[in-house]
Amino acid sequence: MACIGKWTLLMSIALLCGCSAILGQSEKRKVHVVYMGNSHANPEKATSLHQKVLAKVLSGKEEVARSMVYSYTASFSGFAAELSTIEAASISKIPGVVSVFPSSIKKLHSTRSWDFLGLSTTSDHGLPTGGSNVIIGVLDTGVWPESESFSDKYLPDPIPSRWKGTCVSGDSFNSSNCNRKLIGARMFPNGYEQNFGPITGPGEYRSPRDAEGHGSHTASTAGGSSVQHASLFGLAEGTARGGTPTARIAAYKVCWFGSCTDADILAAFDEAVADGVDLISFSIGGSPQDYFSDSIAIGAFHAVQNGVFVSSSAGNSGPSAYTATNLAPWLTTVAASSIDRKFTSSIVLGNNLSYKGVALNTISLSNPWYPLVSGEAIRNASSPLANFAKYCYDGTLALDKVKGSIVVCYGGVGAPDATVLAAGGAGVILVDSFDKSIGFAFSLPCSVVGNADAKHILKYINSTSSPVANILPSITTVDDSLVPQTGIFSSRGPNVITPDILKPDITAPGVDILAAWSPVSSISGESIDNRSTSFNIISGTSMSCPHVTGAAAFVKSFHPEWSPAAIKSALMTTATPLDGDKKFNKDGALGYGSGLISPTKATDPGLVYDADTTDFALFLCGLNYSSEQVQLISGFSNFSCPQELPPMNDLNYPSIAIANVHGSLNKSIIRTLTNVGFSGNATYTVHIQAPKGVSVTVSPSSLNFDAPYQRLSFHANFQANSLPSEQLYLSGALTWTDGLHVVRSPVLIWPASSTVQ
């Protein structure tokens, strides 16, 4: 207790006199973000203000200069600086400061897909001339500029005149690496280096160059040029291209060795908006936070406020509920789903039986047969971890029996392929009882089978004294019967911050996606794997997110005047719900949002649910932000929250969620639709798919538009004496149609007692 008293006394002294020297001796400063709301008109004055705020808790100009990491002045106001906990707490009390939070570490959410979505290569000729005027900003691990996906061979001159960005020089990168396709490339290392020290040594470039591959993959998926005969060593061979292959790309490197700090992320958002991007693709995430203590939500809010569409990945923590991230309503949050393609690798046994596994196996074994053993049977008895031999965990196998053999290993612990390869093994048969729908690359020949096939393989091993096998290279199978399913890894809702906003918003292809890659990065992710390729096949919501960015760019090329919310609405209301009878689609809209994107339909949605900063300001009032806070965030100096706070689900959103219903239900929501159809005159009639046990009425039941961009509102009332106890959540839909357009909004309701699984 004496020690606690001592620190309490020191903290009190520091708060009273700002004596940072005392704190410097007792607590190492860490990078914090100080968010101060909307941007100021004069960037120099904003930076001066940031320095003055920092000077209130630090001693002298030199210490302020040493502490300052970034000053954010373009799209929002704030700064990143090294602060102690007490200094951060002191700054949070200064008028004009919205929030102060530690700069945490975010992680990456790590081509036939566009044909599957209805944008075949032949539709390139149908792109509007404005396609080359669309600029996509990608915040990620950088870019490999020599990739054919970033060639400007078929792009017209000039670069859009509004572009203010640049290409910065660094390790193995200079301005000559940019062209009329890759028009900008910046790096943001300050936050990372303040946390972890200088970026040096192998495995990373201190420049916009991509050493990891993830950034090149996402950028080329969103807006890469068409590349014929692209493949991963023959797998998925075809034309790789972005959703809008004539779009311009700007790369903003915010991740280093796989880690992305809040301070660097915010700096990139700020620069991207100032540079003049139209869209931002962001395949990174962390744990859900209060929206204005979250770098992603802050950066995206001010990007959207400046007319920039932002798509973000939902995360790879599925299939559990409440795992979705990037939840702010101004973000378009993207789930991942499969397409009509899979990669199979056959296992042939010495008894002439064969089993079809799933993998991205590009390696041919040179001999017809190899000894076949099970990891569990060749355990290293002297290892303290011998019980993990079943999983081929490092150090658990008898090395002499691994060498030259194909080993049966169970998944779930460690990297069995790396263990077997290091011991001189020939291949791995990996047993995964959970899911075989996703192909992964391994560092040696490998095929993944389920428990049923594994039993037959193990039975064969035990039936003969000399079991043998071979693993054949994978083949690509395209099958129209492969109905899209939500990826098992794709994070699910509900929204843990504001449950009355349905998340994720939409789904897009994120399973087995072929796109550009960094040739210095491991294909399989294992350092022992030294194969090099210009294209790779990977899965994740990181891959689905740039599909939505590309689709949004496609829509914007037709409608450059549309707001980010209008583009988002067009994508959501024209999406196709997934087949609920399929195993991984059972979560419905909690898994895939409004459904699978349809880019061509989204160019002519008929009606949109539009929203602007005023709508989001009222939404923040409903979250109990004060009028003063909303003024700072929005830049509306005379704004006041209404006395009766608006409910969350009255935000003009393209989906409807009613959460935490206690007992009976009697809820009315309001929505406003804007006529964006090519004909000014149109009459839309509502079609109601009521959730089970819920009465739904819509007034008026028809909307008569007589002018372009006319706005009409409707009320939807949901009533039930009680919700069915046997269901965890109830789903339905409201659909408006004029006979040509179908404008669909999913409806999701769940009781307060429900624990969505």
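Here the structure is shown first, and the text comes after it.
These numbers come from a predicted model, not from an experiment. Chains are numbered independently. Their residues run from 1 in the order of the written sequence. Local features in this predicted model are restricted to residues of pLDDT 70 or higher, and side-chain atom pairs are both shown and tallied only at a pLDDT of 80 or more, whereas totals for entire chains, interfaces and linings draw on every residue. Only hydrogens and water are set aside; all other atoms, that is, all heavy atoms of the structure, feed into the side-chain values.

Of the regular secondary structure elements, the chain holds 19 helices and 36 strands. Its C-alpha radius of gyration of 27 Å places the chain within 12% of the 27 Å reference for a compact globule of 757 residues. Expressed as lengths along the three principal axes of its C-alpha atoms, the size of the chain is roughly 85 × 70 × 65 Å. The buried share of the chain, taken over its 757 residues, is 59%. Throughout, the Shrake-Rupley method with a 1.4 Å probe supplies accessible areas, and for residues the shown protein chains are the sole cover considered. For the chain, the accessible surface area stands at approximately 28,900 Å², while carbon and sulfur atoms represent 52% of it. The charge count includes Lys and Arg as positive and Asp and Glu as negative, but it does not include His or the ends of the chains. Taken as the charge centre is NZ of Lys, CZ of Arg, CG of Asp or CD of Glu, depending on the residue. Each charge class in the chain can be summarised by its mean position, and for the 48 positive and 56 negative side chains these summaries are 3 Å apart. Going along the chain from the N terminus, every DSSP run of H or I of four or more residues is numbered as a helix, and every run of E of two or more is numbered as a strand. Note that the radius of gyration is over C-alpha atoms, with the globule rule given as 2.2 Å times the number of residues to the power 0.38. Each residue is placed in one exposure class: buried if its accessible area under a 1.4 Å probe, protein chains only, is under 20% of its type's maximum, exposed if it is over 50%, and partly exposed if it falls in between.

Side chains of Leu 385, Phe 388 and Tyr 393 sit close together on the surface and give an oily, nonpolar patch of about 230 Å² of accessible area. Residue placement: Tyr 393 occurs in the loop between strand S19 (370–374) and helix H11 (399–402). Patches here are clusters of residues that have more than 30% relative accessible area and form no salt bridge, with a 9 Å joining cutoff for like charges and a 5 Å cutoff for nonpolar side chains (Val, Leu, Ile, Met, Phe, Trp, Tyr). The working definition used for a salt bridge is a side-chain nitrogen of Lys or Arg within 4 Å of a carboxyl oxygen of Asp or Glu.

Residue position: Thr 674 is located in strand S30 (residues 665–675). Overall, the relative accessible area of 4% leaves Thr 674 in the buried class. If we ignore the near neighbours within four places in the chain, the residues touching Thr 674 are Gly 606, Leu 607, Val 608, Asp 610, Tyr 709, Gln 710 and Arg 711. In what follows, a contact means two residues having at least one pair of non-hydrogen atoms within 4.5 Å.

Here is the rule: rings of Phe, Tyr and Trp (six-membered ring for Trp) pair when centre to centre is within 6.5 Å. Planes less than 30 degrees apart are stacked, more than 60 are edge-to-face, and the remainder are tilted. Applying the stated rule across the entire model yields 22 aromatic pairs. Ring centres of Phe 388 and Tyr 393 lie 6.1 Å apart, and the angle between their planes is 50°; this geometry places the pair in the tilted category. Here Tyr 393 falls in the partly exposed class, since its relative accessible area comes to 31%. These aromatic residues form a ring-pair network of at least three members: Tyr 35, Tyr 70, Tyr 72, Phe 76, Tyr 291, Phe 292, Phe 301, Trp 330, Phe 616, Phe 619 and Tyr 625. When the ring centre of Trp 144 is taken as origin, the NZ or CZ atom of Arg 209, which lies over that ring, is 4.5 Å away. Between the NZ or CZ atom of Lys 390 and the centre of the ring of Tyr 410, over which it lies, the distance is 4.5 Å. Comment: the charge-over-ring label is applied if NZ (Lys) or CZ (Arg) is within 6 Å of the ring centre and within 35 degrees of the ring normal.

Following DSSP output, two strands are said to pair if at least two bridges run between them. Bridge count for strand S8 (residues 227–232) against strand S9 (residues 235–240) is 3 bridges, and the pairing is antiparallel. Within S9, the position partnered with Ala 230 by the bridge is Gly 238. Once S8 ends, the chain turns through 2 residues before running back antiparallel as S9, passing Phe 233 with a positive phi of about 50°.

In this section: the nonpolar core. In this description, a nonpolar core means a group of buried Ala, Val, Leu, Ile, Met, Phe, Trp, Tyr and Cys residues linked to one another through side-chain atoms lying within 4.5 Å. Grouped together as the largest cluster of nonpolar side chains are 101 residues, with contacts concentrated most on Tyr 252, Val 277, Ile 280, Phe 292, Trp 330 and Leu 571. Ranked by residue count, the leading element in this core is helix H9 (residues 262–275), at 8 residues. If sequence neighbours within four positions are ignored, Phe 292 has contacts with Tyr 35, Val 98, Ser 99, Phe 101, Ile 298, Phe 301, Trp 330, Leu 620, Tyr 625 and Ile 633. Counting residues in each nonpolar core, the second largest holds 28 residues, with Ile 658, Ile 669, Tyr 684 and Leu 712 among its members.

What follows is about the sheet that holds strand S5 (residues 105–108). With antiparallel pairing, the 4 strands of this open sheet are ordered in space as S11-S12-S5-S14. The two strands at the open ends of the sheet, each matched to only one other strand, are strand S11 (255–256) and strand S14 (284–285). The pairing of S5 with strand S12 (residues 259–261) spans 3 bridges and is classified as antiparallel. From the neighbouring strand, Lys 107 faces S12, where its bridge partner is Ser 259. The axes used here are C-alpha line fits, helices contributing only the stretch in contact, and every angle between their N-to-C directions lies in the interval 0 to 180 degrees. Strands in contact with H9 are S5, S11 and S12; relative to S12, the strand with the most contacts, it is inclined by about 70°.

Turning our attention to the packing of H9 against helix H10 (residues 295–305). Where H9 meets H10, the axes come as close as 9 Å, and the angle between the chain directions of the two elements is 10°. What the angle tells us is that H9 and H10 run roughly parallel. Only Ser 295, Ile 296, Ile 298, Gly 299, Ala 300 and Ala 303 of H10 make contact with H9, whose side of the interface consists of Asp 262, Ile 265, Leu 266, Phe 269 and Val 273. Throughout, the term roughly parallel applies to angles under 35 degrees, roughly antiparallel to angles over 145, roughly perpendicular to angles from 65 to 115, and oblique to all others.

On to the pairing of strand S36 (residues 742–751). Burial within S36 is extensive, with 9 of its 10 residues counted as buried. Across 4 bridges, strand S29 (residues 656–661) lies against S36 in parallel orientation. Considered in S36, the bridge of Val 661 is made with Pro 751. Adjacent in sequence and paired antiparallel, strand S35 (residues 730–737) and S36 are bridged by 4 residues, among which Gly 739 carries a positive phi angle near 95°.

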